[in-house]
Structure formats: structure tokens, C-alpha cells
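# Observations on chain architecture
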Amino acid sequence: MLQFLMKGGKPLKGEVTIGGAKNAALGILAAAIMTDEPVVLENLPDVSDINVMLKAIQDIGALVDRLDRHTVRITAGTIQTQNVLFDYVRKIRASYYLIGALLGKYKVAEVALPGGCAIGARPIDQHLKGFHALGAKTRITDDGALHAEAQALTGRHIFMDVVSVGATINVMLASVLAEGRTVIESAAKEPHVVDVANLLNRMGARIKGAGTDVIRIHGVEKLHGTTYPIVPDQIEAGTFMMAAAATNGDVLIRNVIPKHLEVISAKLLEMGCTVQEYDDAVRVCGNPDKTYTNVKTSPYPGFPTDMQPQTAAVLALAKGTSMITESIFENRFAYVAELNRMGADITLCEKGDVATINGVSGFKGTDVTAPDLRAGAALVIAGLCAEGYTSVSDIKYVLRGYEDFDVKMRGLGAQMVTVSNEKEAEEFIRATAEPEEKQAAEFIRATAEPAEDQSAEEVYENFVN
């Protein structure tokens, strides 16, 4: 099983380049199949969620050509079925965008119900409300797929009961080829909603108001091909900003849109860190005397829920008592027990939506498990600050959303690798051990053979004791 293994204690320093936004790219990939003409997507992140989506598009008959690692050409005129029932599709939540895209283009879709991180129920009732308003009928099939079908789609005035990024994008996809005008009120305003709308407009759609809470869509007869660069990933950028702050580092984060990061920058400034903005970059310098602050997640332009765990890892090392209130997902604090195992002092209220964080002087390295994507990133940040070695398991979640995470961290000076077995873990520990630890290791190797089932933690103990 793959794990991240790291030795903490080194400030991150240098430059890192942010890739394309995974959350935008997933909606954009679905939009790309709504024309029969080629669509070329640039700055596409090479992460597992994206690769699953590309495979699904290919397996229903579209032509998918990788022009390079981050550029793909999709030609969807060869699609042979509107049934996306592959078991692997259930692994990603954004598979539901294929419902809106296929329904909009073909007036029928059947897609396996999605999975993803276990951070809450995240129902799709607002998606269904939008599809029904446009004239579609939906049902759950015996094998657990959502079937949607319509004789025709007609624009309607749709008011979202809750702000939902997924529902906003999905209804937008379904309505661009509908007859008449669709109005989505209480729409999500996130950058990736805007990015999907911008692509669709490049393809010939008529969408106005993306980025506000009212989106107006005039249906068109067909869409055409285009070339489109995907927006930089706000959450990847924010993660490296928090990593720089936590390790008291100095990191220049390139290929970003600073405006998308303003609320993250504001919290870092409140903690006493330094943030400098440039045209397409931000520089974050940590502060050993970070101070407490309070955070409440909310839809964009509020503080993103996807940055909440990483922020908690920083606040756990800040002086004083901080509070984080989670208002989006009910299970977002699953990482708290793991951070506390590393020495954090975090308690949850009885309802489980507020965390009280008492700052500690440091973390201790240990074995932890990533409960979801962003929590895994938070545990990596903690491990880079910790005394000794930390292993993070279940990194399949992290690989869903971060490209070359360990490579980029090493580029900033982190001692961090991905290992798949105990031998690789032992080699990393041997290579990064302090001189006195290496002397102990040489003695151990000269006098005894390690047990085959020795854990990474036990190997480390043998090195230092």
C-alpha cells in the first residue's frame, strides 16, 4: 500500500508551480463531450479523478488523445452510448456531471451514482430539481444508477434551495442546449463554476452572470470545438500557502490568480504570516510566533471548506486558542483524531461542527491515516513540521487531487517520499538519518537481521535507540 513518508523539521523554501484546477477540470471534461467537434484542453491536472473521468469518456466512445501530460484533445462525435455504468466511475463524485452533459446533448443519460471522499451526505437533490424543471424525468435503476430522460429540455426559472457548486454546474450543462432561457438563482459563485461557463461560451453557449448568484442561459442549437486553458487550482495553491506558514518557510507560489486566494491570504495575515501578491504569484513567509484566529467555512467568496483541514494543521501550532466552524460538510473533521495523535490539542463540540484548537509547541511524528483528500494534505503538512518521521497511509485520497505532491514538496526542500514497502521506507530513513542515528543503524545491521514484518515505525526505533 502506498504511503507518504517524511522527516519533519525543515522550513519549506523556494518556488512551486500550481497546476490546473481539478474541480474545474471535471466539469470542463463533461462539457467537452457536448459538441461533436474537437475540444483541446490545456493545463489539465494529471490526478486520479481526472484520469477516471477521461477513461469514462473514452469508454462511451469518445476519442481521447493525450497531446502531452497536461493537454488532451476530446472528439465526442463518436460517442456510442449514453450509459456510463462502469464500476470505476463510482469512485469519483464528479461523475454526475456526465448526467447533465449527456442529458443536454442527447436528452438521455444513465450514470452510475457517484462516490468520492466520505465527508458528508452531499445529496444530489438540487441536481434533480434542476433537471426536473427543465423537463426531464429521473429514476434510480436497480443497479444503482441515475437514469434521466426528456422528450425535450425547456428553459425555466430555477431557484436553488442551497448553494451547490455541483448542482449549479450540472444544471448549466443541461440547459445550454435547451430551448428558451434558463435562470439559475442562488447559484454557486466559485471560480470553477466561472471556468466551466467560460469554456461553454467559447464553444458557442450564451451564458451570463457566472460568478454571481444569478446565472442566465439562452439555449443554442449546437456547440462547436475550441481550445481552452483550465484555471489554476485555488485549493492546491492554498495548500502550499498553508504548508509554507506551518513550516515557517518562504515559498513563492506561481501560476495562481491572487484574487481567488484573498480569503486564505487574509487568514494567514491574521496569524502573523507575510503574504505578498504579484500578477500571477503569491509569496508566503511563515512566522514562528503565529497567533490564533477563527475560521468559518462558507461558499465562495467565503473561506473554502476544502482549505479547512490544512488551516487546522497551521492553527494547531499557533499561540492561543482558535476556533474553526464548518458550515458546509458534516464530516469534515474526521482528521482531528489523527492530528491529536501527533500532539495537537483539538476538541470538537457535541454537534461536531466546531473545533476548538489550543496551540501546541510542536508535533511528534507517528503513523497516521488520511480519511479524505484534504485531510490527507493536512496530515502531510503536520508531518513536515513534526519531530521525527511521519507516515501517512491511504494516500489514494490525496492522489485524487494533488499532482506530484511529494515531488513538489521535495522541490521546496522537504524530506518526503512515496513508499510502497518496508524496504523503501528503511532506505529513506537510512538516507535521512542524523549521523548518530546512522552509527546506531550500522551497529544494528552488523549484529542482527531485521524481521520481515517490521513496520516503518519499528525500523525507525531501531535506528535511534
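This report concerns the structure included in the present document. This structure is a prediction, so every number in the text was calculated from the model and none was measured.

Let's shift gears to empty space enclosed by the protein. The gaps of empty space that remain are located by a probe, the size of a water molecule, rolled over the atoms. Scanning the entire structure with this criterion turns up 2 cavities of 30 Å³ or more. The computed volume of the largest cavity comes to approximately 50 Å³. Its residues placed into classes, the lining of the largest cavity shows 3 nonpolar, 3 polar and 4 charged. Around the second largest cavity, the lining residues are Ile18, Pro232, Asp233, Gln234, Ala237, Asn255, Val256, Ile257, His260 and Leu261. Within the lining of the second largest cavity, the residues separate by chemical class into 6 nonpolar, 3 polar and 1 charged.

What follows deals with the nonpolar core. One recurring pattern in soluble globular proteins is that nonpolar side chains are buried together. Within the largest apolar cluster, 80 residues are counted, with the highest numbers of intra-cluster contacts made by Leu41, Leu98, Met172 and Leu200. Ranked by residue count, the leading element in this core is helix H1 (residues 22–32), at 8 residues. Ala244, Ile357, Ala377 and Ile381 belong to the second-largest nonpolar core, a separate cluster that totals 67 residues.

Moving on: the sheet that holds strand S10 (residues 157–159). Taking strand neighbours across the sheet as the criterion, the 4 strands line up as S10-S11-S13-S12 in an open arrangement whose pairing is mixed. If you trace the sheet from one side to the other, it starts and ends with S10 and strand S12 (206–208), each paired once. For this sheet, the mean inter-axis angle between neighbouring strands, taken without regard to orientation, is 15 degrees. Here S12 pairs with strand S13 (residues 214–218) via 3 bridges, running antiparallel. If you follow Ile207 over to S13, its bridge partner there is Ile217.

Bridge count for strand S16 (residues 274–277) against strand S17 (residues 281–285) is 4 bridges, and the pairing is antiparallel. Directly across from Gln276, in S17, lies its bridge partner Arg283. Hairpin remark: S16 followed by S17, antiparallel, with 3 residues in the connecting loop.

Moving on, we come to the sheet that holds strand S14 (residues 226–229). Taken together, 4 strands build an open sheet; the order of strands is S4-S5-S3-S14 and the sheet is mixed. What marks the edges here is a single partner per strand, and that holds for strand S4 (63–68) and S14. Averaged over all neighbouring strand pairs, the angle between strand axes comes to 20 degrees, with direction disregarded. Judged from the 5 bridges that link them, S4 and strand S5 (residues 71–75) form a sheet pairing that is antiparallel.

A separate point is helix H3 (residues 97–106). Burial analysis of H3 places 9 of its 10 residues in the buried class, which makes it a mostly covered element. Inspection of H3 places Tyr97, Leu98, Ile99, Gly100, Ala101, Leu102, Leu103, Gly104 and Lys105 among the buried residues, and these make up the whole buried set.

Calculation criteria
- Residues numbered from 1 in each chain as written.
- Predicted model: local features only at pLDDT ≥ 70, side-chain atom pairs only at ≥ 80, totals over all residues.
- Heavy atoms only, no water.
- 1 Å grid on protein atoms, 1.4 Å probe; cavity = no way out; pocket = protein on both sides within 12 Å on 5 of 7 lines; lining within 4 Å.
- Points joined across faces, edges and corners; volume = space filled by probe spheres on them.
- Nonpolar A, V, L, I, M, F, W, Y, C, P; charged D, E, K, R; others polar.
- Core = buried A, V, L, I, M, F, W, Y, C linked by side-chain atoms within 4.5 Å.
- Buried < 20%, exposed > 50% of the residue type's maximum accessible area, 1.4 Å probe, protein only.
- Helix = DSSP H or I, 4+ residues; strand = E, 2+ residues; numbered from the N terminus.
- Pairing = 2+ DSSP bridges.
- Axes fitted to C-alpha atoms, helices over the stretch in contact; angles between N-to-C directions.

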